[in-house]
Amino acid sequence: MRPSQVQIDFGSLPETPLRSPSSEFEEISYPTPPLHTIIPATARTDDSLPLHYMQSAEDTSTRRRVAKGPGSSGGFMSGSGYDTDALLQYNDHDHKDGHSKLRPPIGGRVSSGRLHKPYPTPPTSISDFIHQNLEHLPPAIYTLLSCWTRFHKIGLADIVVWDEAHFGKFGSHYLKREFYFDVHPPLGKMLVALAGLLSGYDGNFEFKSGEKYPAAVPYVAMRVMMATFGVALVPLGWYTAVELGLSPWACHLVALMILCDVAWLCISRFILLDSMLLFFTFTTVFFLTKFHNQQYHSFSFDWWLWLGLTGISIGCVTSVKWVGLFVTAVVGIYTIEDLWDKFGDLRMSTRNQLRHWSARILCLIILPILVYMASFKLHFLILNHTGPGDAQMSSLFQAHLVGNDFWKNPLEVAYGSKITLKNMGWGGGLLHSHVQTYPSGSNQQQVTCYHYKDDNNHWLVLPRWNEPAYNPNNELRFVKDGDVVRLQHPPTTRNLHSHPIPAPIAKSNYEVSCYGNSTVGDVQDHWVIEIVDDIRQGKKDNVNRIRSLTTRIRLRHDILGCYLSAANKVLPQWGFKQIEVSCVKESDPDDIHTYWNVESHWNDRLPPGDVKHYKSPFLRDFWHLNVAMMTSNNALIPDPDKDDILASHPTDWPWLRLGLRMCGWGDHQPKYYLLGTPLVWWGGALSLMVFVMLLGTYLVRWQRRYVDMDATGWAHFLYVGKVAFYGWFLHYAPFFIMGRVTYLHHYLPTLYFSVLMFGHVIDHCVFSARWKEKTKRVVFGVATFAIVANFWWFRGMAWGIEGPVNEYWGLQWRKSWNIYNA
């Protein structure tokens, strides 16, 4: 039997006009593949949009802009510079297998983030004002809750907790105006000092770890000021989520996760730099998202404002800790893709292209550098007195510190002078010796580089053996280029010496030691003076005699031909962790570790110098300090002689394998344990994996010509995902290639991006998807309850565990946590 005829209607082809030579957009003359169940632009409801752009039902048709076509890139900047009201035309009939049909886009480009909403008219009454600002009510409530959590019981521990022993000293040195060297840039330290100044601290407490604060130290007020930076994290997280275009549900969850994370809470409650680092990391991301949402109106006042604030925030975050360079990299990647996208826009004039490039260079490169340099200039102006650690700086810099007498040094060095020699390598110290001997090799007296001043850094400049120190008329002989000298260590009377024995650390170099005495020695004690140049007099051709502070010299061994060097190799404990001094065989005239200068100079037969001969330019000091900081930072490597129970590996962080005891663990003191809220950390880590799987799934399906979302949804999915994933990866991956010791708190800036990713993923999969409102409310309620309950369970780790810790049941969720006493 012949079956009955069935008529199948495949729909009519869209009526697309032929492309004219002046057409601005590519036109597609065939229907696009089916659309997945993501809510199309025209079908979204108010509940799925952030409060910033809630509109009436009549305006829902203009909420979204659309893509150029199915092949649009969906990058960071996809179409964000254009404002068009062209919409995807959604057809909901024949909705089968979770797919829907849509007509081809009619031009425009993909948007992402929160779209622009026209500014409201000025309020004419209090009710109008309240109505226009209702969107700020949730973050205001969260800010009040943040104040409560950050300030609650903040003065419970009246002892110096953890790194307060380190960072609290900054306030003391700033208030005394003593120069103090540290591996971190100065902005955070200056803010700590400002907190101390505003609190009435006089700078006379040493901040020894575990020591009880005296009544004269306003430690509670200082902690409150530091915690204020932690308070601001919560509203910043909320507004960043809004600017990213997340739904109100997701914005609430992001704010709650920031509010309820115990690690962020704990680290914010003490006199540390981490709360400031987190604050400026959050502001950088927030300003970047604000700038992104102004791209529809380039070069407007708001556009310049948020671009400039992004640059200032970059300068601030890098001026607190160099970890801020990681969020700078996020801004850099965004900017590169932004400019690349604009470069491909053939409608943009060359003049506008150059304006965009110039604006980015000015605001995102020059402005941050100026902010960073300004913090160092202020640092030098405040710390203008000599203090511990100033030996890390150049001799010329130290000459201008109040309390330093370098500028009184006799100008030219003569035989019989007592001197100190400073290595001019980055982070180099003073040539030093002590009575201890090498445990192997020659077993002679050790020679090292030491950063602190004492008598063991002093050396007498003497002529070679059997040569007089003075002329026949008892006149002084000045040390000149090419002279062969002997350097004697006055405390032990031994001579600087080298011989063909391998150095203890740098085995390819010769060992340097101290040998003999005032009457016993040999030709292995002879060193040839080679003048490199003089900072004031210029090249070597203009210099004949050695001058204090300004003349750079090299010391070549007269017999072996090697050069005295201090190349930042750290000796083991038997060498007191000081810098190894060796004799390098290679003659590299550019090796700065073989450069030395005379720092201190004493000779009663010579007149004192004049300060006008010793000037140190700011840029030289700025560069020297930054390289010294980098060198010292790289030297913070794990100590093989110690078992650091506080240290952890980056693989331990996302899943909270280890916590960190921040103080003593006695029964009669409050105890603080640095550990994140497990559900916040684990949820963030899991969301990163889900995002990668979603992205892979969408790309595979796209290759098979499935379209799982419209161009607007795809652009938004990629934009938020890139900000969160790039931010997480760029903050996390570098710790795997660092040689320095790492701790759990190094993950705290990274955690922010996993929280943003959690908000993005749950928003994409639940709150902005085709689920019933009841389902969304259930998911939101369960997530909110779990986060708050998990925080409340572990709150004592941040607020202080009082009494015996073993009496607190149920805190050790992982066996690797060392919360309980054995």
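Residues numbered from 1 in each chain as written. Predicted model: local features only at pLDDT ≥ 70, side-chain atom pairs only at ≥ 80, totals over all residues. Heavy atoms only, no water.

### Section: the overall build of the chain
Turning to step 1, where the next piece is worked out: Helices and strands together make up the secondary structure of the chain, namely 20 helices and 18 strands.
Turning to step 2, where the next piece is worked out: The buried share among the 822 residues of the chain stands at 55%. (Helix = DSSP H or I, 4+ residues; strand = E, 2+ residues; numbered from the N terminus. Buried < 20%, exposed > 50% of the residue type's maximum accessible area, 1.4 Å probe, protein only.)

### Thoughts on the pairing of strand β9 (residues 510-515)
Turning to step 1, where the next piece is worked out: With five of six residues buried, β9 lies mostly within the body of the structure.
Turning to step 2, where the next piece is worked out: In this structure, strand β5 (residues 445-450) lies alongside β9, joined through two bridges in antiparallel fashion. Residue pairing across strands places Gln 445 opposite Cys 514, the latter belonging to β9.
Turning to step 3, where the next piece is worked out: With six bridges joining them, strand β8 (residues 494-502) and β9 adopt antiparallel strand pairing. Residue pairing across strands places His 499 opposite Glu 511, the latter belonging to β9.
Turning to step 4, where the next piece is worked out: Two strands pair when backbone bridges link them, and β9 and strand β15 (residues 582-584) are joined in this way by two bridges, in the antiparallel orientation. Of the residues in β15, the one forming a bridge with Tyr 510 is Cys 583. (Pairing = 2+ DSSP bridges.)

### Some points on the packing of aromatic side chains
Turning to step 1, where the next piece is worked out: Per the counting criterion, the structure on display carries 60 aromatic pairs.
Turning to step 2, where the next piece is worked out: Look at Phe 207 and Tyr 213: their rings are 5.9 Å apart centre to centre, the planes differ by 75°, and that puts the pair in the edge-to-face class.
Turning to step 3, where the next piece is worked out: Taking the centre distance of 4.9 Å and the plane angle of 70° together, the rings of Phe 794 and Trp 813 count as edge-to-face. One end of the pair, Phe 794, is in helix α19 (residues 773-794); the other, Trp 813, is in the segment after α20 (796-799), and 19 residues separate them in sequence.
Turning to step 4, where the next piece is worked out: The class for Phe 794 is buried, based on a relative accessible area of 0%.
Turning to step 5, where the next piece is worked out: Between Arg 486 and the ring centre of Trp 465, over which it is positioned, the NZ or CZ distance is 3.8 Å. (Phe/Tyr/Trp six-rings, centres within 6.5 Å; stacked < 30°, edge-to-face > 60°. Lys NZ or Arg CZ within 6 Å of the ring centre and 35° of its normal.)

### Let's talk about the environment of Leu 718
Turning to step 1, where the next piece is worked out: Its location among the elements puts Leu 718 in helix α16 (residues 711-732).
Turning to step 2, where the next piece is worked out: Overall, the relative accessible area of 10% leaves Leu 718 in the buried class.
Turning to step 3, where the next piece is worked out: Along the primary structure Leu 718 and Leu 695 are separated by 23 residues, whereas in three dimensions their C-alpha atoms are 8.6 Å apart.

### Digging into the side chain of Asp 534
Turning to step 1, where the next piece is worked out: Residue placement: Asp 534 occurs in strand β10 (residues 527-534).
Turning to step 2, where the next piece is worked out: No salt bridge is formed by the buried Asp 534, whose closest oppositely charged neighbour, Arg 547, lies at an N-O distance of 5.2 Å.
Turning to step 3, where the next piece is worked out: There is a polar contact of 2.9 Å between the side chain of Asp 534 and the side chain of Thr 550.
Turning to step 4, where the next piece is worked out: A polar contact of 2.5 Å, which involves the side chain of Asp 534, links it to the side chain of Thr 551.
Turning to step 5, where the next piece is worked out: When sequence neighbours within four positions are dropped, the list of residues in contact with Asp 534 reads Val 543, Arg 547, Thr 550 and Thr 551. (Lys, Arg positive; Asp, Glu negative; His and termini not counted. Salt bridge = Lys/Arg side-chain N within 4 Å of Asp/Glu carboxyl O. Polar contact = N/O pair within 3.5 Å; in protein donor to acceptor, adjacent residues only side chain to side chain. Contact = heavy atoms within 4.5 Å.)

### Quick word on helix α5 (residues 219-231)
Turning to step 1, where the next piece is worked out: With 13 residues, α5 extends 18 Å between its outermost C-alpha atoms, agreeing within 8% with the 18 Å of an ideal straight helix rising 1.5 Å per residue.
Turning to step 2, where the next piece is worked out: Of all the positions in α5, only Tyr 219, Met 222, Arg 223, Met 226, Ala 227, Phe 229, Gly 230 and Val 231 are classed as buried.
Turning to step 3, where the next piece is worked out: Among the structural elements, α2 (137-151), α3 (164-176), α4 (187-199), α6 (233-243) and α9 (274-292) are those in contact with the buried residues of α5. (Expected span 1.5 Å × (residues − 1).)

### Observations concerning the pairing of strand β16 (residues 596-602)
Turning to step 1, where the next piece is worked out: Within β16, six of the seven residues are buried, leaving the element largely enclosed by the surrounding structure.
Turning to step 2, where the next piece is worked out: Inspection of the sheet shows strand β3 (residues 418-423) paired to β16 by five bridges, in the antiparallel sense. When the bridges of β16 are listed, Asn 423 appears paired with Trp 596.

### A few points about the pattern of salt bridges
Turning to step 1, where the next piece is worked out: One pass over the full model with this rule turns up 19 salt bridges.
Turning to step 2, where the next piece is worked out: For the salt bridge of Lys 208 with Glu 206, the shortest nitrogen-to-oxygen distance reads 3.4 Å.
Turning to step 3, where the next piece is worked out: One salt bridge connects Asp 274 with Lys 321, and the closest N-O pair in it is separated by 3.3 Å. Of this pair, Asp 274 sits in helix α9 while Lys 321 sits in the loop between α10 (301-320) and α11 (324-343), and the two are 47 residues apart along the sequence. Comparing Asp 274 with Lys 321, the two get one shared label, buried.
Turning to step 4, where the next piece is worked out: Connected via shared salt-bridge partners are Asp 338, Lys 342 and Arg 360.

### With respect to a nonpolar patch on the surface
Turning to step 1, where the next piece is worked out: Residues Ile 126, Phe 129, Ile 130, Leu 134, Leu 137, Ile 141, Leu 145, Trp 148 and Trp 792 make up a contiguous nonpolar surface patch of about 920 Å² in total accessible area.
Turning to step 2, where the next piece is worked out: Structurally, the position occupied by Trp 792 is in helix α19.
Turning to step 3, where the next piece is worked out: You can call Trp 792 partly exposed: its relative accessible area is 42%. (Patch = residues over 30% accessible without salt bridge, like charges linked within 9 Å, V, L, I, M, F, W, Y side chains within 5 Å. Areas by Shrake-Rupley, 256 points an atom, 1.4 Å probe, with all protein chains shown as cover.)

### Topic: the nonpolar core
Proteins that are soluble and globular tend to have nonpolar side chains buried together.
Turning to step 1, where the next piece is worked out: Formed by 153 residues in total, the largest nonpolar core has its most connected members in Ile 258, Trp 264, Met 662, Trp 681 and Met 797.
Turning to step 2, where the next piece is worked out: Here this core takes twelve residues from helix α18 (residues 748-767), the largest share from any one element.
Turning to step 3, where the next piece is worked out: If we skip the residues at most four places from it in the chain, Ile 258 touches Arg 150, Leu 233, Val 234, Gly 237, Trp 264, Phe 282, Tyr 752 and Val 755.
Turning to step 4, where the next piece is worked out: Of all hydrophobic cores here, the second largest spans 33 residues; its members include Val 413, Trp 459, Leu 487 and Val 512. (Core = buried A, V, L, I, M, F, W, Y, C linked by side-chain atoms within 4.5 Å.)

These results come straight from atomic positions and should not be treated as a statement about function.
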